[in-house]
Every structure is written in structure tokens, then in C-alpha cells.
Amino acid sequence: MGMVEREEEEEEMVTPGEVLGKATELKAGRGAYVAPHNKTVYASLTGRRSLIPPPSDSSDQRPTVEVTGHKAHGAVPVPGSTVIVRVTRVMAKMASADIICVGTKAVKEKFSGIIRQQDVRATEIDKVDMHASFRPGDIVRALVLSLGDARAYYLSTAQNELGVVSAESAAGATMVPISWTEMQCPLSGQIEQRKVAKVGGQ
Amino acid sequence: MSGKGGSAPHPTTYSPSPQNQKRPKSLIFKDNVDWVRPDGRGFQHCRPAFLRTGAVNAASGSAYAEFGNTKVIVSVFGPRESKKAQMYSDIGRLNCNVSYTTFATPVRGQGADHKEFSSVLHKALEGAIILESFPKTTVDVFALVLESGGSDLPVVISCASLALADAGIRMYDLVTSVSVSCLGKNLVIDPIFEEENCQDGSLIIACMPSRNEVTQLTITGEWSTPKIHEAMQLCLDACAKLGMVMRSCLKETASSQE
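What counts as what
- Residues numbered from 1 in each chain as written.
- Chains lettered and ligands numbered in written order.
- Predicted model: local features only at pLDDT ≥ 70, side-chain atom pairs only at ≥ 80, totals over all residues.
- Heavy atoms only, no water.
- UniProt positions renumbered as here; feature names shortened; annotations may be inferred.
- Helix = DSSP H or I, 4+ residues; strand = E, 2+ residues; numbered from the N terminus.
- Pairing = 2+ DSSP bridges.
- Axes fitted to C-alpha atoms, helices over the stretch in contact; angles between N-to-C directions.
- Contact = heavy atoms within 4.5 Å.
- Salt bridge = Lys/Arg side-chain N within 4 Å of Asp/Glu carboxyl O.
- Phe/Tyr/Trp six-rings, centres within 6.5 Å; stacked < 30°, edge-to-face > 60°.
- Buried < 20%, exposed > 50% of the residue type's maximum accessible area, 1.4 Å probe, protein only.
- Buried area = accessible area lost by both parts, 1.4 Å probe.
- Polar contact = N/O pair within 3.5 Å; in protein donor to acceptor, adjacent residues only side chain to side chain.
- Nonpolar A, V, L, I, M, F, W, Y, C, P; charged D, E, K, R; others polar.

Chain B appears in an unreviewed UniProt entry as Exoribonuclease, phosphorolytic domain 2 from Dillenia turbinata. UniProt, in the comment section headed Sequence similarities (unreviewed entry), describes chain B in these words: "Belongs to the RNase PH family."

Looking at an unreviewed UniProt entry, one finds chain A named Exosome complex component CSL4, C-terminal, with Dillenia turbinata as its source organism. Recorded in UniProt under Subcellular location (unreviewed entry), the annotation for chain A is "Nucleus, Nucleolus".

Next up, the structure:
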């Protein structure tokens, strides 16, 4: 059917298994899938159906149909997503951490992740001292590298914006970052070593 | 109170009178085509369905279903981390558990022969869930039968698929399930407890109505081939209608939450 150029989205509630259109006219985005045997696009979630117009420079001029879930249900770590973790154990070659937020959503139940020595930073990766990068209890922003093994996701802090976001000093106060390797306690003045995240546009 | 010539205004001993000790006549005459079902439905009428999602706040998704006297509540947790002991898998896992409360049956604690329902529910649902969308994690489905009034497993399957849709788990389609009982020469859809007890055979279908695919078919008892065809046709038709009821329930909850 001739799709008139519309900027506004079609607002319509769909449930899993409802037909959204034919695969010749639509591409399946998030929350939708294409059934190969009859080339139809079906919804796979309950939510509002919306159409995204295709980018004007692509060869495939089909709009993408997406279904956005109505519920803010729990998120699952996906390779490539930024997560907030709390460090639980620090060992010689890696640090274990619990994933508490994926993107901007908090998870309902924690997932396990590990940061290996070679993923802490981008330069001189074999000379990293784990105890000078993280301590148990630190809140760290990391990137999910991959699904990892059966026990944990593999995480990386090898970027300027990744690393320790908030840490508590031995005296019990929240420390202030003073460089990309050091944080200082405001109560005792002690300087502790961490792999600090570059927060803000500095 | 037919007291035996007692002059007291009310009986002082509690003893049953002999004429009340006769057992009630069996309600179902299998060979008589004119009998009426105990709850007055036609042979091909299903019970009215009451469905609600979002019954359990602590769970990712939940649903409550009442089909006549059969009451089931299902909660879905997940996707959450698999147990540490399990092997890595690049698709998700589904874990189902069906349990009966002690007060679900007329005789307390009589749900002993329903232990296989958990694996039956698992097989009915796993074909409809897109497991690749949550690798390495597990989705737990816990079904609790609060009152068993007949046709329990189909109600559990339908309610579980509604809870999964409420939890936002990606599925190919909803799974609806209906059962048919064979009583002598008659086919009776959506049997109640008394009808199930004296059935000759039963057929349970779990299907995905919009895609017209069957995820599970269970046949027990004595059946002839034309009867099987007729029963399957009845069930598939009822499943399609139940699917529409479930969809409208989901849409209603979703719109009221905005």
C-alpha cells in the first residue's frame, strides 16, 4: 500500500503473534520477527507498534517496525552495552563484580561479571596491578565485551569514560578523583590508586 | 429434620438418619445422549474465562486465570542468571514448576499424580519462546493451582503463556490450550472434575492460534480415528477463540498502565 510520508508514529497495541505486515513491505526491528515460511512480520512482545522510516541513503527503502514493551521489565546485559557494576573480589589477574545496572535500568537480580587484567586499560596491559585499579565495594562503569563463560560476563574498562565512578576510602568517606589513576579521601587526605573514569566533558 | 418420633423440639444427638446414607445417584449416564452436563453447559461450550495479568508484584510477570472452578496463578521470574553449576548455553533456558496447594482438591493433599505436569508445561511452552533472545540466562515459570475444578493442565498452559507475555519475554505467539473428554459416544469440551473422573479418553492440545501451529498434543485412553479428528477440530477452534480473549486481556492491562 502506498505509504504516505508520515512523521508521527502509528500508535497501536499489539500482542505476541499478531501480524504486523508483510516482509516485502516492512523490516522487523526490536520486538518483531519474520516468519520464514510465509514471509510475514509478527510481533514478539506486548506493546505499542511504531514505524521507523528508512534512512534516505540506504538501498532498502522499507520502514522498520518496532514494538516497544509497555513495562519497564528487567534488563539483561548484552555485548556492547554499558553497565554499572559493584566490585566484589579483587585477585591477581582479575576482579569479580556484580552487574547492578544495564544502561540506565537497574536489574531485578544481579548478574556476575569479571574484569580481566588485560581488559582494565588500553595501554601496557600486562603491567596492570589489579589492587591499584579496583578495590572491593567500588562502583565501576564498564562495557560488556561478551557473554563470557557459564559463570560470568566479560567486562572491560579500557576506555577513558570507563572505570571507577565512586569509591569509599579506608576512613569511610566517598573519595574525590584527582587524576585518572588516583583518588583522594576528603577526610584523611590519603591518596588511593584506582583506574578512574573520566566523568563529564573535561 | 425427620426425627424419629422424638418429642424434643430439636435433636440432642447428632446421628445421621438411615435414609440419608444413600449415595447420590451418578450424574452422568454415558450412553444416554440426553443427559445434561452438571453445570448446564452444552457439550461444546467452554467455561467462561476470567484472566488477569499483573497479579504478583514481586515477579517479572504474572497472570491469574479462573475457568469455572479451576483457579490458577502463574508467576514468571526472569531472565535471570542461571545457577553456577550449569553449563554455558548460547540460548536461554526455561524452567517450569507446577504445584498444587493442599486445599486445591476436595481431599487434602491429593495432587500426587500431577508430578509430570511440570515437564508437560515445559514442552508446551518451549516451542513458543524465542530462546535466542536471552542467552545464558534462565526464565523460571512457577504455576500454582489454587483450586482444581477439572481441565487443570490446559488452564495452567494458557495462564503461563499469558504470564510470559506480561513479563516481556519474546515469544513467537501466545500458547492456548483446551482439552476434550470422550464420555462413551460423546465428546465433551473443557471437562469438569466429575466428568474427568469417568472419562474414557482425553485429548489436550496446546497451540499457537495466530500461527496455526500445535506445540503439544496429548491423547490418552480409547479413541477412534474419526473421533480424534473431530476432537482436534473442536479444540483448535476453541483455542483460536481463547487466543482472542487472552489478547484482549493483555491489551487492556497494557493500555491501562499508560
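Draft legend 1. Structural detail: the UniProt feature "domain: Exoribonuclease phosphorolytic" (unreviewed entry) in chain B. Per the UniProt annotation, the sites labelled "domain: Exoribonuclease phosphorolytic" (unreviewed entry) are residues 46-169 and 173-234 of chain B. The distance from the first to the last C-alpha atom of residues 173-234 of chain B is 20 Å, and the span holds 24% helix and 47% strand.

Draft legend 2. Highlighting the UniProt feature "domain: Exosome complex component CSL4 C-terminal" (unreviewed entry) in chain A. What UniProt calls "domain: Exosome complex component CSL4 C-terminal" (unreviewed entry) maps, in this numbering, to residues 106-147 of chain A. Structurally, residues 106-147 of chain A is divided into 0% helix and 45% strand, and its ends, taken at the C-alpha atoms, are 19 Å apart.

Draft legend 3. Structural view of the sheet that holds strand β2 (residues 19-22) of chain A. All names here are of chain A. Taken together, the three strands give an open sheet; going across it, the order is β2-β5-β4, and neighbouring strands pair in antiparallel fashion. Strands with a single pairing partner mark the edges of an open sheet, and in this sheet they are β2 and β4 (32-35). Put simply, the sheet's adjacent strands are angled 30° from each other on average, direction ignored. Where β2 lies against strand β5 (residues 40-43), three bridges are found, and the strand directions are antiparallel. Within β5, the position partnered with lysine 22 by the bridge is threonine 40.

Draft legend 4. Summary view of the environment of serine 75 of chain B. Residue and element names in this part refer to chain B. By the element assignment, serine 75 lies in strand β3 (residues 70-81). C-alpha of serine 75 to C-alpha of phenylalanine 50: the two residues are 25 residues apart in sequence and 17 Å apart in space. Apart from the residues within four sequence positions on either side, serine 75 is in contact with Val56, Ala59, Gly61, Ser62, Asp140, Val141 and Phe142.

Draft legend 5. How the structure looks around the pattern of salt bridges. Residue and element names in this part refer to chain B. As enumerated under the stated definition, the model contains 16 salt bridges over all chains in all. Note that lysine 71 and glutamate 147 form a salt bridge whose closest N and O atoms lie 3.0 Å from each other. Taken as a pair, lysine 71 in strand β3 and glutamate 147 in strand β5 (residues 137-147) lie far apart in primary sequence, 76 residues in all. Residues joined by salt bridges that share partners form a network here, namely Asp39, Arg41, Arg47 and Asp190.

Draft legend 6. Region of interest: the packing of aromatic side chains. Counted according to the given criterion, the structure contains six aromatic pairs over all chains. For the pair tyrosine 33 of chain A and tyrosine 172 of chain B, a centre-to-centre distance of 5.0 Å together with 80° between the ring planes defines the contact as edge-to-face. Here tyrosine 33 of chain A, found in strand β4, pairs with tyrosine 172 of chain B, found in the loop between α2 (152-167) and β6 (176-183), and the two come from separate chains. Looking at tyrosine 33 of chain A, the relative accessible area reads 10%, which means it is buried. Owing to a relative accessible area of 24%, tyrosine 172 of chain B belongs among the partly exposed residues under this scheme. Measuring from centroid to centroid gives 6.3 Å for phenylalanine 50 of chain B and tyrosine 64 of chain B, while their planes differ by 75°, and the two rings are edge-to-face.

Draft legend 7. Structural context of the sheet that holds strand β9 (residues 213-221) of chain B. Residue and element names in this part refer to chain B. Strand order across the open sheet formed by four strands is β7-β6-β8-β9, with antiparallel pairing between neighbours. Each end of this open sheet is capped by a strand with a single partner; those strands are β7 (186-189) and β9. The average angle at which neighbouring strand axes cross in this sheet is 20°, direction not considered. Where β6 lies against strand β8 (residues 201-208), seven bridges are found, and the strand directions are antiparallel. Paired with cysteine 182 across the strands is glycine 201, a residue of β8. Its contacts with the sheet put helix α1 (residues 117-126) on β8 and β9, and the angle it makes with β9 is roughly 150°. Strands in contact with α2 are β6, β8 and β9; relative to β6, the strand with the most contacts, it is inclined by about 170°.

Draft legend 8. A look at the UniProt feature "domain: Exosome complex component N-terminal" (unreviewed entry) in chain A. Per the UniProt record, "domain: Exosome complex component N-terminal" (unreviewed entry) is found at residues 13-50 of chain A. Counting secondary structure, residues 13-50 of chain A comes out at 0% helix and 53% strand; the distance between its end C-alpha atoms is 10 Å.

Draft legend 9. The arrangement of the interface of chain B and chain A in detail. Contacts between the two partners involve 34 residues from chain B and, on the opposite side, 33 residues from chain A. Both faces combined, the contact of chain B with chain A buries some 2900 Å², and carbon together with sulfur accounts for 51% of it. For the chain B face of the interface with chain A, the top three residues by lost area are Glu81, Lys136 and Arg170 of chain B, together amounting to 20%. Linking chain B with chain A are two salt bridges, by the criterion used here. At the boundary of chain B and chain A, one finds 13 residue pairs in polar contact (both at pLDDT 80 or more). Secondary-structure elements contributing two or more residues to the side of chain B that touches chain A are β3, α2 and α4 (225-256) of chain B. In terms of residue count, the dominant contributor to the side of chain B that touches chain A is α4 of chain B (five residues). Split by residue class, the side of chain B that touches chain A holds 14 nonpolar, eight polar and 12 charged.

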